[in-house]
Amino acid sequence: LEEINAFGARAWRTSIVLPRPGAYHFVAQSKTGWVPEEDRFVQYLATVQIPAYGSAEGWDRPAGLDFEIVPLSRPFGLCTGMAFTGQALADGKPLPGVVIDVARLDPALKPDIREPEDPNALPDETPTGKEKAKKPEKQPMPQPISAFGDVQQVKTDSQGVFTFVCPLPGWWAFTASRAGDPLQDPEGKQKPLEIKTIFWVYLNDCTPAKPSKKQGA
């Protein structure tokens, strides 16, 4: 993994060769982190599927995590306005009545990928001896998908299944949460642990192109 900066935060990227056709699960698990403003610990599990060599085989298979969202509709090759259906599982069993948070990453927001700064590097100076200031790139304001903000919520049914229609293009994150074993905070007190599992889906803008007007009459 190579550390980079993306969206103004630490991130990582990698390059791998997929050996054969099919749908591959890519899973990232964060370290457990203390969130003082929420008075709890939080850990994230993020999953995305990538189809290789034009094959969708295996898209409906679980990733094998203790806590995950399994797609019940193919999670790639989707167009704006299509529905995504998934199932929340814990230890392989359905989770009924769980709230699923749904959020969209606006494609107008660019990741602005940069190499991390070297703390030992000399400052970049102008001929006048002053450090050259970098102008931050202007980013468009993210647009909420409803009057209630940029996060929607749905609940799973008795089999842990949910469905959501994605009205706009871009990356959509479906997040389920559950409690983990309590941990000790910096002061040695027992605090709750919240585990969040996230499944990412991309929606394409499949609006057909308008036919060009014929020249002349």
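Residues numbered from 1 in each chain as written. Predicted model: local features only at pLDDT ≥ 70, side-chain atom pairs only at ≥ 80, totals over all residues. Heavy atoms only, no water.

Some thoughts on the pairing of strand E14 (residues 190–204)
Looking along a regular strand, one sees side chains alternate from face to face of the sheet. Relative to E14, strand E5 (residues 40–52) runs parallel, the two being bridged by seven bridges. Across the sheet, Val42 pairs through a bridge with Glu194, a residue of E14. The pairing of strand E7 (residues 78–79) with E14 spans two bridges and is classified as parallel. Among the inter-strand pairings, Cys79 is bridged to a residue of E14, identified as Asn204. For strand E13 (residues 170–184) and E14, the ladder comprises 13 bridges, and the chain directions are antiparallel. Bridging from a neighbouring strand, Trp172 pairs with Val201 of E14. Between E13 and E14, which pair antiparallel and follow one another directly, the connecting turn spans five residues, one of which, Gly188, has a positive phi of 85°. (Pairing = 2+ DSSP bridges. Helix = DSSP H or I, 4+ residues; strand = E, 2+ residues; numbered from the N terminus.)

Examining the packing of aromatic side chains
All chains considered together, the criterion is met by nine aromatic pairs. Ring geometry for Trp171 and Trp200: centres 6.4 Å apart, planes at 80°, overall edge-to-face. Here the residue Trp171 occupies a position in strand E13, and Trp200 occupies one in strand E14, the gap between them amounting to 29 residues. The class of Trp171 is partly exposed, set by a relative accessible area of 32%. The partly exposed category is assigned to Trp200, whose relative accessible area is 27%. An aromatic cluster of at least three residues, connected via ring pairs, comprises Phe84, Phe162, Phe164, Trp172, Phe174 and Phe199. (Phe/Tyr/Trp six-rings, centres within 6.5 Å; stacked < 30°, edge-to-face > 60°. Buried < 20%, exposed > 50% of the residue type's maximum accessible area, 1.4 Å probe, protein only.)

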